[in-house]
Amino acid sequence: ATIVAAVQRHKHVAELLVLVGVVGPVFVAGLLEDFTKRVRPLVRLLAALVSAALAIAYLGVIADRTELAWIDRCLQWAPLAWVLTALAVAGMSHATNIIDGLNGLAAFVCMMMFGSLAYVALLVGDTLVLAVALVFIGAIAGFFIWNFPHGFIFLGDGGAYLLGFVLAVCGLLMVARHPQVSAWYPVLLFIYPIFETLFSAYRRRRRQRGSVAAPDAVHLHSLIYKRLMRLFLGNNTSQQVTRRNSMTSPYLWLLAGMAVAPATLLWRHTMPLMGLCLLFCVTYVWLYLRIVRFRTPEWLLAPQRDPGP
């Protein structure tokens, strides 16, 4: 009985250590890319898949329900659930790296997401996810004050992959461990980086006829930075460039918050979560097309008007 009690007391410590271990491959791949700039996207994807496989094996992370009966029946076949889980975790790791394009953008968005996970974990009594979320909120907050607005330090690929991986693992653990948590809660919570990635892949393949892995500078945050901030803040000095960079991020914080806030409030209600996912995707596409066509909504322009001398 004493041994069992000791194991129970230290269970979460062991799980935390396992989490540190399984994130190793994707973090190291991202870190090597930061230092060498020679790690191909395919290699980083494979590293993320290896980390995801380790999380499935040693942490019990599994995406075996979607709240859609016909898909859930297919997911009863374990190999399919494992493949879906690995793709989801690896995809979120990559998606977080994609939105890491401006000072404070990825860091603040991830901090909001971890805050939501901490709140829901507290409600359902998941002390592991709660502990991980609070640790990462503290770590990101310490990083954020140096990253925003002046960009003294950066996440890099290593940091972005790390945050995305841990977010995905925590979100899937919430669904796997707690039946009352809707499978669509993490989908809406992470919808901004998820849809940014999917839309970018579509744009590169169908519109630009290029590789889906090829980098480009026409993400939504890139367009706001180039077309809105340059118009109002100028582009002549390094100070203006830095200010343009930092002043773009709050727009994307607001966009992400439009998903994070309702996901946090409606974490157990599947149908509203699904509807809000669709609404977010429609809003994103509408906003993207408006900016591409130089028809930027006035609410995006008004806050940055320079009153002049």
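See the structure printed just above.
Residues numbered from 1 in each chain as written. Predicted model: local features only at pLDDT ≥ 70, side-chain atom pairs only at ≥ 80, totals over all residues. Heavy atoms only, no water.

## Notes on the overall build of the chain
And step 1. Each helix and strand counted, the chain has 15 helices and 0 strands in total.
And step 2. Buried residues in the chain amount to 48% of all 309 residues.
And step 3. Considering only intrachain contacts with a sequence separation of at least 6, the fraction spanning at least 24 residues in the chain is 72%. (Helix = DSSP H or I, 4+ residues; strand = E, 2+ residues; numbered from the N terminus. Buried < 20%, exposed > 50% of the residue type's maximum accessible area, 1.4 Å probe, protein only. Contact = heavy atoms within 4.5 Å.)

## Focus on the nonpolar core
And step 1. Within the largest apolar cluster, 84 residues are counted, with the highest numbers of intra-cluster contacts made by Phe114, Leu117, Phe165, Val169, Tyr185, Tyr192 and Leu220.
And step 2. Ranked by the residues each element gives to this core, the list is headed by helix α7 (residues 105–124), at 13 residues.
And step 3. The contact partners of Phe114, leaving out residues within four places of it in the chain, are Ala133, Phe136, Ile137, Ile140, Leu163, Val166 and Leu167. (Core = buried A, V, L, I, M, F, W, Y, C linked by side-chain atoms within 4.5 Å.)

## Re unusual backbone geometry
And step 1. Omega for the bond connecting Phe148 with Pro149 falls within 30 degrees of zero, at 10 degrees, which places this linkage in the cis form.
And step 2. One non-glycine residue, Lys37, lies in positive phi territory at about 60 degrees.
And step 3. Tracing the backbone through its elements, the reader meets Lys37 in the loop between α3 (24–36) and α4 (41–59).
And step 4. One non-glycine residue, Glu67, adopts positive backbone phi at about 70 degrees.

## What about a nonpolar patch on the surface?
And step 1. There is a patch of nonpolar side chains on the surface, built from Ile145, Trp146, Phe152 and Ile153 and spanning about 460 Å² of accessible area.
And step 2. Among the secondary structure elements, Ile145 is positioned in helix α8 (residues 127–147).
And step 3. Residue Ile145 is classed as exposed on the basis of its relative accessible area, which comes to 60%. (Patch = residues over 30% accessible without salt bridge, like charges linked within 9 Å, V, L, I, M, F, W, Y side chains within 5 Å. Areas by Shrake-Rupley, 256 points an atom, 1.4 Å probe, with all protein chains shown as cover. Salt bridge = Lys/Arg side-chain N within 4 Å of Asp/Glu carboxyl O.)

## With respect to the packing of aromatic side chains
And step 1. One pass over the structure, following the stated rule, counts 13 aromatic pairs.
And step 2. Considering the side-chain rings of Phe108 and Phe144, the 5.7 Å spacing of their centres and the 45 degrees angle between planes classify their relative orientation as tilted. Taken together, the residues Phe108 in helix α7 and Phe144 in helix α8 connect sequence positions 36 residues apart.
And step 3. For Phe108, a relative accessible area of 26% puts it in the partly exposed group.
And step 4. On the accessibility criterion, Phe144 (14% relative accessible area) is buried.
And step 5. With a centroid separation of 5.4 Å and 70 degrees between ring planes, the pair formed by Phe199 and Tyr284 is classed as edge-to-face. You can see Phe199 sitting in helix α11 (residues 191–207) and its partner Tyr284 sitting in helix α14 (residues 270–292), a full 85 residues away along the chain. As far as burial versus exposure is concerned, Phe199 and Tyr284 are alike and both buried. (Phe/Tyr/Trp six-rings, centres within 6.5 Å; stacked < 30°, edge-to-face > 60°.)

## Description of α7
Given 3.6 residues to a turn, an α-helix orients residues that are three or four positions apart in the same direction.
And step 1. Taking 1.5 Å per residue as the helical rise, α7 with its 20 residues ought to reach 28 Å, and the 29 Å between its terminal C-alpha atoms agrees with that figure.
And step 2. The buried fraction of α7 is high, at 14 of 20 residues.
And step 3. Gly125 lies just past α7 and shows a positive phi near 80 degrees. (Expected span 1.5 Å × (residues − 1).)

## Topic: the packing of α7 against helix α9 (residues 156–177)
And step 1. One can describe the packing of α7 onto α9 by two numbers: an axis separation of 11 Å at closest approach and a directional angle of 25 degrees. It follows from the interaxial angle that α7 and α9 lie roughly parallel. Here α7 runs over α9; the crossing is left-handed. Contacts from Cys110, Met113, Phe114, Leu117, Val120, Ala121 and Val124 of α7 reach α9 at Leu163, Val166, Leu167, Cys170, Gly171 and Met174. (Axes fitted to C-alpha atoms, helices over the stretch in contact; angles between N-to-C directions. Parallel < 35°, antiparallel > 145°, perpendicular 65-115°, else oblique. Left-handed = near helix turned anticlockwise from the far one by under 90°.)

## Let's talk about the environment of Val292
And step 1. Relative to the elements of secondary structure, Val292 occurs in helix α14.
And step 2. Placed 69 residues apart in sequence, Val292 and Leu223 show a C-alpha to C-alpha distance of 7.5 Å.

## Describing the environment of Phe190
And step 1. With respect to the element layout, Phe190 can be found in the loop between α10 (184–189) and α11.
And step 2. Residue class for Phe190 comes out buried when judged on its relative accessible area of 5%.
And step 3. For the pair Phe190 and Ala259, spaced 69 residues apart in the sequence, the C-alpha separation amounts to 7.9 Å.
And step 4. If we ignore the near neighbours within four places in the chain, the residues touching Phe190 are Met92, Met113, Leu117, Leu167, Ala168 and Gly171.

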